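Chains, contacts and geometry: an overview
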Amino acid sequence: MGEVDEAFIQAVEHRPKLTITEAEGIPLIDLSISNSNSIEALVEEIGDASKNWGFFQVINHGVPFETREKLELASRKFFAQATEEKLKVRRDEVNPLGYYETELTKNVRDWKEVYDLAVKNPTVIPTSPDAGDNGLQELVNQWPEYPSELRVAYEEDAKEMEKLAYKLLELISLSLGLPANRLSEFFNNHTSISRLNHYPTCPIPNLALGVGRHKDSGALIILAQDDVGGLQVKRKTDGEWVQVRPTPHAYIVNVGDIIQVWSNERYESVEHRVMVNSEKERFSMRFSFNPNHDVMVEPLEELITEQNPAKYRAYNWGKFFANRRRSNFKKLGVENIQISHFKITEE
């Protein structure tokens, strides 16, 4: 990535400022329950953070640090290899799992390389985004020859992340005034994807982004980032891009588009992006908790009233996922599918 291709250059209005605003106020939430931290207080904190920020960090989350560390070390070894070795497990339009180095966000190339892995192996999704095509396909993880420990490290980490995701899902459900297990039924055969990210040093950090501005289409996203930092969140109060300072051993959590729809916009999926660095490479690991492919995503009936009618039409998650996947490979010339396309406009 030493030679700069114009495909990386962001439009003037989306270029990052090199003066960084640190995010004051992104909540840091302790997930442990004690006499001084009741479940009711925790639920309230999660609800406030989801409503006011769409992002929060969690500590005392129950994921052993060694599990995370093993995967990060294996990830660093994988990305340190020669490109031809990594290309042996490159993903394609048939199997979107594996290594990839030319991903687009909003039709601009990201300054990064990634390795995508399914949490359930295999994972079943629709073959095509087309409404008339009922075909299904099994996604199967590709494993590199080196490092040999990557598979075991990943599978151990994925189990822990899955447990944490269910715990957070229950807290979000309770914060919406619903039973703890109200949302869990949508995840019996979930289509969750983990991603290992590597952001190499970049000679043009004022012109390119590691990941361009976007919202996450899944339900819940859990991110482990290293100490370099670079994640920026668009603050809801003033639209300013603010950087999330890394907190040792914490995970960063954001609510995705699906929770925005289920909550009928009580909670909002917030735009974010990743800055690059001219001096330091950066690594992160993202777990995207996605429902079963056959789930119809729509506002939950318990949260719809005459005063607050449904704001979205139902859409099929698997078809939506298949559509978004296609846009990561091709410059489409149009905006890829968004939940706004299912928004009910008021007459």
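What comes next is a walk through the structure. (Residues numbered from 1 in each chain as written. Predicted model: local features only at pLDDT ≥ 70, side-chain atom pairs only at ≥ 80, totals over all residues. Heavy atoms only, no water.)

Let's shift gears to the nonpolar core. Formed by 68 residues in total, the largest nonpolar core has its most connected members in Leu31, Ile46, Leu168 and Trp262. Per-element tally for this core: the top contributor is helix α4 (residues 150-175), with eleven residues. If near-sequence neighbours (up to four positions away) are discounted, leucine 31 is found in contact with Leu42, Ile46, Val58, Ile59, Asn60, His61, Leu164, Lys167, Leu168 and Leu171. Residues Tyr199, Val244, Val270 and Val274 belong to the second largest nonpolar core, which totals 13 residues. (Core = buried A, V, L, I, M, F, W, Y, C linked by side-chain atoms within 4.5 Å. Buried < 20%, exposed > 50% of the residue type's maximum accessible area, 1.4 Å probe, protein only. Helix = DSSP H or I, 4+ residues; strand = E, 2+ residues; numbered from the N terminus. Contact = heavy atoms within 4.5 Å.)

For the rest of this paragraph, the subject is α4. Look at α4: 36 Å from first C-alpha to last across 26 residues, which is about the 38 Å you get at 1.5 Å a residue. Positive backbone phi, at 80°, marks glycine 177, one or two positions downstream of α4. (Expected span 1.5 Å × (residues − 1).)

This part takes up the sheet that holds strand β2 (residues 55-59). Pairing in this open sheet of eight strands is mixed, and the strands run β1-β2-β14-β11-β16-β9-β6-β3 from one edge to the other. Two strands in the sheet have a free side with no partner beyond their single neighbour: β1 (28-30) and β3 (98-100). The mean inter-strand angle of the sheet, taken between neighbouring strand axes irrespective of direction, is 25°. Sheet topology places strand β6 (residues 113-118) next to strand β9 (residues 193-199); six bridges connect them, and they run antiparallel. If you follow alanine 118 over to β9, its bridge partner there is isoleucine 193. Sheet strands in contact with helix α1 (residues 39-52) are β1, β2 and β14 (251-255), and its direction is about 160° off that of β1. Its contacts with the sheet place α4 against β2, β6, β9, β11 (220-225), β14 and β16 (282-289), and it is angled at close to 130° to β11. (Pairing = 2+ DSSP bridges. Axes fitted to C-alpha atoms, helices over the stretch in contact; angles between N-to-C directions.)

This part is about unusual backbone geometry. Note the cis peptide between asparagine 121 and proline 122, where omega equals 10°. Geometrically, the link from tyrosine 146 to proline 147 is a cis peptide bond, its omega value of -5° lying close to zero. Considering the arrangement of structural elements, one finds proline 147 in the loop between β8 (136-139) and α4. Non-glycine residue asparagine 60 carries a positive phi angle of around 50°. In this fold, asparagine 60 is placed in the loop between β2 and α2 (65-79).

Strand order in this open sheet of four strands is β10-β15-β12-β13, and the pairing throughout is antiparallel. Strand pairing shows two members of the sheet lacking a second neighbour, β10 (211-214) and β13 (241-243), which therefore form its edges. Going across the sheet, the axis of each strand differs from the next one's by a mean of 20°, ignoring polarity.

Moving on, we get to the pattern of salt bridges. Enumeration according to the criterion identifies 23 salt bridges in this entry. Its salt-bridge partner being lysine 112, residue aspartate 110 comes within 3.0 Å of it at the nearest N-O pair. You'll find aspartate 110 and lysine 112 in the same group, each marked buried. The closest approach of N and O atoms between arginine 195 and aspartate 116, which form a salt bridge, is 2.7 Å. Residue arginine 195 is located in strand β9, and its partner aspartate 116 is located in strand β6; the two are separated by 79 residues in the primary sequence. On the basis of relative accessible area, arginine 195 is assigned to the buried category, the value being 7%. In this structure aspartate 116 comes out as buried when scored by relative accessible area, which is 5%. Through salt bridges with shared partners, a single network forms among Arg91, Glu103, Asp110, Lys112, Asp116 and Arg195. (Salt bridge = Lys/Arg side-chain N within 4 Å of Asp/Glu carboxyl O.)

With that settled, the discussion passes to the layout of surface pockets. In this structure, the second largest pocket encloses a volume near 260 Å³. Around the second largest pocket, the lining is made up of 13 residues, and of these Arg68, Glu72, Gln225, Asp226 and Asp227 lie nearest the centre. Broken down by element, the lining of the second largest pocket gets its largest block of residues, six residues, from α2. Tallied by class, residues from the lining of the second largest pocket come to four nonpolar, three polar and six charged. (1 Å grid on protein atoms, 1.4 Å probe; cavity = no way out; pocket = protein on both sides within 12 Å on 5 of 7 lines; lining within 4 Å. Points joined across faces, edges and corners; volume = space filled by probe spheres on them. Nonpolar A, V, L, I, M, F, W, Y, C, P; charged D, E, K, R; others polar.)

None of the figures reported here should be taken as evidence of function without further support.
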